Protein chains: 2
Amino acid sequence: MDKHVEVIGIAAGVCTAMSMIPQIVKVIKEKKTEDISLFYLLVLLFGLGLWTYYGILKDDLPIIATNIFSMVLNLTMITLNMVYTKSKKN
Amino acid sequence: MDKHVEVIGIAAGVCTAMSMIPQIVKVIKEKKTEDISLFYLLVLLFGLGLWTYYGILKDDLPIIATNIFSMVLNLTMITLNMVYTKSKKN
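Residues numbered from 1 in each chain as written. Chains lettered and ligands numbered in written order. Predicted model: local features only at pLDDT ≥ 70, side-chain atom pairs only at ≥ 80, totals over all residues. Heavy atoms only, no water.

## Notes on the relation of the copies chain B and chain A
Move 1: Overlay of chain B on chain A (RMSD 0.0 Å): rotation 180 degrees, translation along the axis 0.0 Å. Both copies of the chain, as the preceding transformation shows, are related through a two-fold rotation axis. (Least-squares fit on C-alpha atoms with pLDDT ≥ 70 in both.)

This is the structure we're talking about:
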């Protein structure tokens, strides 16, 4: 693959994956996730899984790498969402 | 492009783009965006722009179409975020 194109893809993936980090930091700091929809997180997780599969089918490394990283961050958010929702009920 | 692969890409894009819709609905209903970071939305917008550029460079229609759709939804969230933050100050 053209190196220039690959760099654009990796930069794109880093931004869309990194965009979840301030959200995670904010949730940990404030210990609440009231405004974050669990359904949104689950649909996003499914979509990221499909993007990873698409990347594998097209042999596209930037797509595979960034979507796996996004899935890890997304799973972190889902865990936090469940922990804070549970601790609120108690 | 292989039709099967294209369908996977479109399905992936629909899921990651659609995942913003429940979030938008929730913000409109509750008229508050306290837990949603503006910085997160701006980094995501930049990343989606780069993905669109990547799609153009690779001539990949599912990537172009779904990232443009995601950018529209993201801009809607940014607008709502600004409107509700402003109305709160008044």
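Next comes the rest of the account.
## Details of the interface of chain B and chain A
Accessible area lost upon the coming together of the parts serves often as the stated size of an interface.
Move 1: Counting residues at the interface gives 39 residues for chain B, matched by 39 residues for chain A.
Move 2: Between chain B and chain A the total buried area reaches about 3,500 Å² when both faces are included, carbon and sulfur atoms providing 66% of it.
Move 3: Put simply, chain B and chain A have two salt bridges between them.
Move 4: Notably, a salt bridge pairs Asp-60 of chain A with Lys-58 of chain B, separated by 2.9 Å at the nearest N-O pair.
Move 5: At the junction of chain B with chain A, the criterion picks out seven residue pairs in polar contact (both at pLDDT 80 or more). (Contact = heavy atoms within 4.5 Å. Buried area = accessible area lost by both parts, 1.4 Å probe. Salt bridge = Lys/Arg side-chain N within 4 Å of Asp/Glu carboxyl O. Polar contact = N/O pair within 3.5 Å; in protein donor to acceptor, adjacent residues only side chain to side chain.)

## Examining the environment of Val-14 of chain B
Move 1: Examined against the element boundaries, Val-14 of chain B turns out to sit in helix α1 (residues 3-18).
Move 2: In sequence terms Val-14 of chain B and Leu-48 of chain B are 34 residues apart; their C-alpha atoms lie 14 Å from each other. (Helix = DSSP H or I, 4+ residues; strand = E, 2+ residues; numbered from the N terminus.)

## As for the side chain of Thr-16 of chain A
Move 1: Within the fold, Thr-16 of chain A resides in helix α1 (residues 3-18).
Move 2: For Thr-16 of chain A, a relative accessible area of 15% puts it in the buried group.
Move 3: Engagement of the side chain of Thr-16 of chain A in a polar contact is seen with the side chain of Trp-51 of chain B, the distance being 3.0 Å.
Move 4: In this structure Thr-16 of chain A touches Leu-44, Gly-47, Leu-48 and Trp-51 of chain B, once residues within four positions along its chain are discounted. (Buried < 20%, exposed > 50% of the residue type's maximum accessible area, 1.4 Å probe, protein only.)

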